[in-house]
Amino acid sequence: MSTYYIEKRQTLLADNTAHKGWYSRWHSSVKGQFSIRPKRIFSTLASKQLVPPSAKRSLDSIYGTAYPWLEINQRSDDMNIHIMGLNGQKKDINKQQFEQYTTSIRGDVLLPETAGYAEARTIWNGMIDILPAVIVRCSGTADVVTTIQFARKYELLISLKGGGHNIAGSALCKGGITLDLSSMKGISVDPSARIARVQSGVCLGDIDHETQRFGLAVPTGINSTTGIAGLALGGGYGWLSRAFGHTVDNIISADLVDAQGEFLHVSEQENSDLFWAIRGGSGNFGVVTQFEFKLHPVGPTVFGGPVVFPLSQAKSILRKYRELAKSMPDKASCWPVMRKAPPFPFLAPEHHGKPVIILPMIYVGDTEKGEEILAPLRTIAEPLADAVGPVPYASWQAAFDPLLAPGARNYWKSSDFTEMTDELIDTLVCAAEQLPSDECEIFTAQLGGAASRVAPDAMAFPHRSTAYTVNIHGRWQTAEMDKAGKGWVKGLFAQLETFSTGSVYVNFVPEYDEERSIGPYGANRPKLEDIKSRVDKLNLFRSNINILPKA
């Protein structure tokens, strides 16, 4: 059996407006005869539509002369599958080899011409446009093992997709195999032991839904649509970090498929070096299929919410905030945000779209105590709006999801600080007065607390002295904004790096080649390189902020 492709030359289409409606007219003329599924290809000159052989005669007669720029090409089912190798060259995998692999997979195996491929390659950051040769939607651990063994045998490029939320787009790899874990969404909660077992395709909101039924929580991030796997393996900053440590501090054990395709259980007692490495070493050491997390008593109601002030008061507010933060208990957190005001329902319409500083705050504990603890922050200046009060913890976790919806173009840079100096405050406020779009923002994560009391070499995640992480979040809707938006982010970042610590949270690194004086792995990098050399000499797991094995 063979398949056929209609090819339209976009360069010709651009010069001939009469051809712009060709697809809709053709689709109407053959409606009901066969189905059409869009196919994206690497070429910038062409786009193709999949057409069954039954349509070939109709297409030849209808469009062969009327549309001379339309080519009909035959592709034999016996053609090789071209997949990017680890050496940077495409490798030909013949039909028999590929079918041997795919018949062992229970989940979906998606090629560019397969229905569902376009959706499967869509990730949170709309700026990322990468086309894998194959997307494998794993139904369970067996599919992961089979795929890793296949990739290793032929030395093929792979990437790992959980929630697809990584800013750099590491979920996808150009021309390689994307191993998609998003269908693996199992969660079990043991409330008496305060343990949650969570598969790697789960998002943060899924965890909150299950654990809050018992008044328990895993410390995670601040956007409920984020995937747990990438967040946890990179660190996991959030509203509970000060009270109970980062996500990475709460991993009890994990199930993992290593670079040899072997299934392992890792913990302090089993494969302890690998357990050390995955906690902060990102996806460099294997595919985690399930985590075991500590749970903590949280909610179901906490005391928190945002207070909004005009940006004109930001310098004074941040100086006062700096002093209040020094004495805040671990159960309290406040992350200042400078941006243009969203259309919050509690904020008067005349303030929407105006430059503001927002103090989102939370107290994880008794609500009456929380009201007392957070009162000084709420009265730090005359607010435009104050929405602080008792709130369901799960709702608070999703409160800022509308500002982080998928599909926008996102680019950010991040810097770490041990203190909030006057120079830092003045620099941030100046940049906030020059936002290139209504969606750009500068937020400062308040850390410390329990997360700072873990030794920097207790696990791969090293950044225990960071008191504040500043994230310069560029966000806009069109490619035409890329230059101005990135320029604003990079300009502020260059200023901050002259007095930052030089370290960075690995989940906030937007580019693989970013250079830092300390970087994401800090003093733990040599040990990580040693472990990488032992467990992944081939560097199979490289679609990430990579740790290279030693030569």
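Keep in mind that this is a model prediction, so the values were computed, not measured.

(A) Quick look at the overall build of the protein. Counting its regular elements, the protein contains 16 helices and 26 strands. Among the 551 residues that make up the protein, the fraction classed as buried is 56%. Here the contacts in the protein between residues at least 6 apart in sequence split such that 73% fall between residues at least 24 apart.

(B) Structural view of the environment of S192. Note that S192 resides in the loop between strand 11 (187-190) and strand 12 (195-199). Taking the C-alpha atoms as reference points, S192 and F214, 22 residues apart in sequence, are found 9.6 Å from one another. Only 2.8 Å separates the side chain of S192 from the side chain of D190, close enough to count as a polar contact.

(C) Inspection of the sheet that holds strand 8 (residues 134-137) at higher detail. On the basis of which strands lie adjacent, the open sheet formed by 4 strands has the order 7-8-10-9 and mixed pairing. Whereas interior strands pair on both sides, the edge strands pair on one side only; in this sheet they are strand 7 (108-110) and strand 9 (158-161). Averaged over all pairs of adjacent strands, the angle between strand axes in this sheet comes to 20°, irrespective of strand direction. The pairing of strand 9 with strand 10 (residues 177-180) spans 4 bridges and is classified as parallel. Each residue of the ladder has a partner; that of I158, found in strand 10, is I177. The strands that helix 6 (residues 141-154) touches are strand 8, strand 9 and strand 10; relative to strand 10, the one it contacts most, it runs at about 165°.

(D) Structural view of helix 14 (residues 422-432). Within helix 14, the full set of buried residues consists of L424, I425, T427, L428, V429, A431 and A432. Against helix 11 (314-326), strand 20 (337-340), strand 24 (409-417), strand 25 (441-446), strand 26 (468-476) and helix 15 (482-496) lie the buried residues of helix 14.

(E) Structural context of the packing of aromatic side chains. By the definition in use, this model includes 19 aromatic pairs. A centroid spacing of 6.5 Å and a plane angle of 75° characterise the contact between Y237 and F508, whose relative ring orientation is edge-to-face. Linking Y237 in the loop between helix 8 (228-234) and helix 9 (241-244) with F508 in the loop between helix 15 and helix 16 (525-535), this pair joins segments that are 271 residues apart in sequence. Judged on exposure class, the residue Y237 and its partner F508 are both buried. With a centroid separation of 5.3 Å and 50° between ring planes, the pair formed by W239 and W396 is classed as tilted. One end of the pair, W239, is in the loop between helix 8 and helix 9; the other, W396, is in helix 13 (residues 393-397), with 157 residues separating them in the sequence. W239 sits in the buried class, given a relative accessible area of 3%. Note on W396: relative accessible area 4%, which makes it buried. One aromatic cluster is present, formed by W124, Y237, W239, W335, W396, F400, W412, F443, F461, Y505 and F508 through successive ring pairs.

(F) Structural context of the environment of A277. As for its position among the elements, A277 is in helix 10 (residues 272-278). A relative accessible area of 0% means that A277 is categorised as buried. For the pair A277 and A460, spaced 183 residues apart in sequence, the C-alpha to C-alpha distance is 5.2 Å.

(G) Region of interest: the pairing of strand 11. Pairing analysis gives 4 bridges linking strand 11 to strand 12, with the strands arranged antiparallel. For I187, the partnering residue across the bridge sits in strand 12 and is V198. Joining the antiparallel neighbours strand 11 and strand 12 is a turn of 4 residues, in which R194 adopts a positive phi near 55°.

(H) How the structure looks around the nonpolar core. One finds I228, I278 and F285 to be the most contacted residues of the largest nonpolar core, which totals 72 residues. Aside from chain neighbours lying at most four places away, what touches F285 is L256, D258, L274, A277, I278, L528, I531, K532, V535, F541 and I547.

(I) Seen up close, the packing of helix 4 (residues 95-102) against helix 6. Viewed as axis vectors pointing N to C, helix 4 and helix 6 meet at an angle of 155°, and their least axial separation amounts to 10 Å. Taken together, the axis directions place helix 4 and helix 6 in an arrangement best described as roughly antiparallel. From helix 4, Q97, F98 and Y101 reach across to helix 6, where they touch T146, T147, F150 and Y154. Of the residues in the contact of helix 4 with helix 6, the class split is 4 nonpolar, 3 polar and no charged.

Here is what the cut-offs are and how they apply
- Residues numbered from 1 in each chain as written.
- Predicted model: local features only at pLDDT ≥ 70, side-chain atom pairs only at ≥ 80, totals over all residues.
- Heavy atoms only, no water.
- Helix = DSSP H or I, 4+ residues; strand = E, 2+ residues; numbered from the N terminus.
- Buried < 20%, exposed > 50% of the residue type's maximum accessible area, 1.4 Å probe, protein only.
- Contact = heavy atoms within 4.5 Å.
- Polar contact = N/O pair within 3.5 Å; in protein donor to acceptor, adjacent residues only side chain to side chain.
- Pairing = 2+ DSSP bridges.
- Axes fitted to C-alpha atoms, helices over the stretch in contact; angles between N-to-C directions.
- Phe/Tyr/Trp six-rings, centres within 6.5 Å; stacked < 30°, edge-to-face > 60°.
- Core = buried A, V, L, I, M, F, W, Y, C linked by side-chain atoms within 4.5 Å.
- Parallel < 35°, antiparallel > 145°, perpendicular 65-115°, else oblique.
- Nonpolar A, V, L, I, M, F, W, Y, C, P; charged D, E, K, R; others polar.

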